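# Structural characterization, general
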Amino acid sequence: MTRLHLAVALDGAGWHPAAWRARDARPADLLSAAYWADLVSEAERGLLDFVTFEDALGLQSASIDAPDDRTDQVRGRLDAVLLAARLAPLTSRIGLVPTTNVTYTEPFHIASGIASLDHASRGRAGWRPQISVRAADAAHFGRRTIPVLNLDDVRDGRTTEFIGGLFRELFGEAADAVEVVRRLWDSWEDDAEIRDVATGRFVDRDKLHYVDFEGRHFSVRGPSMTPRPPQGQPLVTALAHATVPYEFAARGADVVFVTPHSRAGTATILAEVRAAETTVRREGTPLRTFADLVVFLDDAPGEAAERKARLDDLDGALLASDAEIFTGTPGELADLLLDWRDAGLDGFRLRPGALPHDLTAITTGLVPELRRRDAFRTGYEADTLRGLLGLPRPANRYTTSATP
Amino acid sequence: MPLKQIHLAAQFPSVSNITVWSDPRSESQIDFGSFAKLAATAERGRFDFFFLSEGLRLREHNGRVHDLDVVGRPESLTVLSALAAVTTRLGLAATVNSTFNEPYEVARRLATLDHLSEGRAAWNVVTSYDAFTGENFRRGGFLDEADRYTRAAEFLHTARELWDSWRPGDIRAAADSGEFLRSGAGTFAHRGRHFDISGRFVTPRGPQGHPVIIQAGDSPEGREFAAADADVIFSRHGKLEDGRAFYKDVKGRLARYGRRPEDLKIFPSVSYVLGDTRKEAVEHAAEIHRAQVSPQNAMMHVEAVWGRDLSAYDPDGPLPEIAPEPDNLISKGNTQFRGDRAATARRWREIARARGLSIRELVVEVTAPQTFVGTPRQVADEINEFVQTDAADGFVFVPHLTPGGLDDLVDRVVPLLQEKGVFREDYTGTTLRDHLGLNPVRAPRPDDAPPPAGETAPRTKETS
Ligand SMILES: Cc1cc2nc3c(=O)[nH]c(=O)nc-3n(C[C@H](O)[C@H](O)[C@H](O)COP(=O)(O)O)c2cc1C
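Residues numbered from 1 in each chain as written. Chains lettered and ligands numbered in written order. Predicted model: local features only at pLDDT ≥ 70, side-chain atom pairs only at ≥ 80, totals over all residues. Heavy atoms only, no water.

Under an unreviewed UniProt entry, the name given to chain B is Nitrilotriacetate monooxygenase component A, and the source organism is Streptosporangium carneum. Per its UniProt entry, chain B bears the Sequence similarities (unreviewed entry) comment "Belongs to the NtaA/SnaA/DszA monooxygenase family." (UniProt positions renumbered as here; feature names shortened; annotations may be inferred.)

Under an unreviewed UniProt entry, chain A has the name FMNH2-utilizing oxygenase and belongs to Streptosporangium carneum.

So, in structure tokens, the structure goes:
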């Protein structure tokens, strides 16, 4: 039986807004390296494929657009690329996948940041490009205006067409950013450094390439300031919920995170993903598909649901999520994962409801359950993130000669 | 008078001919192990900080990527964040440009590094603005040279507003009462010539409040910017007399901003070569310098000054007779060749003629030799003299070998400085501000009330 891949999405105190009030939470430590080091070490002990780190260019908010002024939920965060880099020397096998914004952040900076993470982790870097549609984020930069989206307008559909256009525009720009970043990663051939004493040359400049990207939103000349990362192309991931982002993922990503709510829903979404691959004429390896799930796990039946209910009470609302919310035992979750997996998924990205509780339950409960069913690895089988996912190290698009 | 305490920093060398890459001991310029090794050496030597430069466009010569020097480096904040995991006290200084970035992002990345290193972050604010570099960015070469420091000054000012938008203690994390943060924490609004931004800043205040600010420009505008708002100057004035003049000039600018001389530390960029005798050190230094100026590198220097292709000339022969084209800038992305090149060419001709030097010998002669050359004791004495006679407060040492190039400085010279009582035996504080003896940054007060007149900065350490 092919084994499934498991990733964990780390964010603050966990994905429940009241998770920071749970008994074993460490809410005063969310900005400390030690907190994150403990979490990622635990994920690595569980032999997980990778962890992702959320990020945004604005404060968390419970409302869709404007910042709220709630003081009872976690607010404030660290830059995800730097956080991942801080953890790289403390781990040796697990993949590190930070989120970055692509609506404001310069593609040139992203390319060298992720390449540098790949160098610092010796081939374990990934990247999740993310757009921003929030008018509040735009005001943090003052360089473009995005209209404030009012929830009522969104609900009654008056702005559907407008929002659709905005999303297409921002995803189009994001696709350009991914293309630029990927070109920059290839802008140094692997053997560009020659140290040829006879001719006095440190590099062979014929192996450094201008990327000369010209798009509707920006142009970038290159080459990158950073040599080609160890993986050649660090793993590119995308979270997608609809056709436009599926096509964005199919164009530029290696892995797509999707949010089905059932096995049948999984099959439907995967069909859409495969259709998007056809639409954009994707070549090479098909997208690796991971389903996102928010998870609350306890060994005793019913306990996870009770724990979640207590957190809901504290927050004053039922937890809402784009992803399916699971409460139950590790055994029940293993059943669900294997069932949905049979619809064609490669793996799952689990979002722990509360940290560290639900992460530890994954590594010490779910992982052994899956192993018992021969559905999860017993040791890391590769030392790069691409390797863990069975993806080859890609050839450089700029290499002309086939000679080694 | 009590002796001044010396400060030391280590630069990981990149993109210059300082690095003798042809030496078999010269290791990878990109592998994380090289960075970790040099940082470990610096920390073993109880250095104040570890420094990384930045270049946002590969240098070009004659319209092609410059291929003679080491090239290729990681993004500085990312590798420094990784280094925070393998060091405990060493300051971590990143060079980050203020033209091709935005304050919101730079401020949050520096605040992040400050958190992840527990108060060891520094930012070297640099101002490259040229259209050549701009070709890698959304806005291209949008900024006039005259505005490079008005933007930098407003950029830094805005970053400080963002850092101050969170006060110490704004994260309450009180699980029982359910109060995670102070209401309104992170709120900011800035309206100025270069930036018109407002909203909520996303990263709470770091342990230092603000990272240490470094400035490395040399023009009058650059010096003024440093005097107004920087904690450290990284300078090219590494000769005794010249260093004293620069020191006097910059420290003299501080009073105007209500600052004291000790509020701004001056760190020239320097190099060193040790020997068991002075003679041995001098010979070794000459060898290294000759290796730094390869025949091809010598030709590149002369072409950059002459503004033309001189590939037909022999580096072991005389300087070209043909006239320079001083308006033709063939070396791009390199601040080294921005001066009066016609005058430089004249001067080089005179030196070469008077001393009968070939092109390569001439370039060896006119490019900077190592700053400190001698026995460990002689070097320690000289370093101390620089500081005690106000040519510097500290130094940024740039080794010619990666990553082992500071080993003998730390093993053989630092102990002598410690013996003299002018350099710390061990770290006495935890933050970079502590190491540099800088005052803590004053924290913003509740309700933003202006501080009562005459009040000085609090001495308490801030945490958030
Ligand atoms: C010692 C020293 C180191 C510098 N390092 C960098 C660097 O790493 N990256 C950069 O873009 N500029 C660097 N600079 C350039 C300056 O910061 C500054 O942007 C440039 O010199 C132009 O400003 P000016 O006209 O005031 O000199 C350095 C300058 C000096 C003196």
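With that settled, the discussion passes to the packing of helix H1 (residues 33-45) of chain A against helix H2 (residues 80-87) of chain A. Residues and elements named next belong to chain A. It is the contact of H1 with H2, at a shortest axis distance of 10 Å, that shows an interaxial angle of 65°. If you check the angle between H1 and H2, you find them roughly perpendicular. As for the relative orientation of H1 and H2, their crossing is right-handed in sense. Contacts between H1 and H2 involve Ala33, Trp36, Ala37 and Val40 from the first element and Leu83, Arg86 and Leu87 from the second. For the contact of H1 with H2, the per-class residue count stands at six nonpolar, no polar and one charged. (Axes fitted to C-alpha atoms, helices over the stretch in contact; angles between N-to-C directions. Helix = DSSP H or I, 4+ residues; strand = E, 2+ residues; numbered from the N terminus. Parallel < 35°, antiparallel > 145°, perpendicular 65-115°, else oblique. Left-handed = near helix turned anticlockwise from the far one by under 90°. Contact = heavy atoms within 4.5 Å. Nonpolar A, V, L, I, M, F, W, Y, C, P; charged D, E, K, R; others polar.)

Residue and element names in this part refer to chain B. Pairing is antiparallel across the open sheet formed by three strands, whose spatial order is E4-E3-E15. Both outer strands of the open sheet, strand E4 (64-65) and strand E15 (331-332), are each paired with one neighbouring strand and no more. For strand E3 (residues 60-61) and E4, the ladder comprises two bridges, and the chain directions are antiparallel. Across the sheet, residue Glu60 finds its bridge partner in E4, namely Val65. (Pairing = 2+ DSSP bridges.)

When the UniProt feature table is mapped onto this chain numbering, "binding site: FMN" (unreviewed entry) sits at Asp55 and Thr99 of chain A. These annotated residues cover 45 residues of sequence, and their C-alpha atoms all fall within 5.5 Å of one another, placing them together at a single site. Mapped onto the elements of the fold, Asp55 of chain A is located in the loop between strand E2 (50-53) and H2. Ignoring any residue separated from it by four or fewer positions in sequence, one finds Asp55 of chain A in contact with Arg77, Leu78, Asp79, Ala80, Thr99 and Gln130 of chain A together with Arg108 of chain B. Only 2.9 Å separates the side chain of Asp55 of chain A from the backbone nitrogen of Ala80 of chain A, close enough to count as a polar contact. Assignment of secondary structure puts Thr99 of chain A in strand E3 (residues 95-101). Not counting the four nearest positions on each side in its chain, Thr99 of chain A is found in contact with Phe53, Glu54, Asp55, Ala80, Arg128 and Gln130 of chain A. A distance of 2.8 Å separates the side chain of Thr99 of chain A from the backbone oxygen of Phe53 of chain A, its partner in a polar contact. (Polar contact = N/O pair within 3.5 Å; in protein donor to acceptor, adjacent residues only side chain to side chain.)

To continue, consider the confidence of the model for chain B. All names here are of chain B. Per-chain confidence: chain B averages 93 in pLDDT, with 95% of residues scoring 70 or above. Long-range and interchain partners of residues 449-464, a stretch whose pLDDT sits below 50, account for 27 contacts in this model, where long-range means more than four residues apart. Reported for the predicted complex are a pTM of 0.96 and an ipTM of 0.97. (pLDDT = per-residue confidence, 0-100.)

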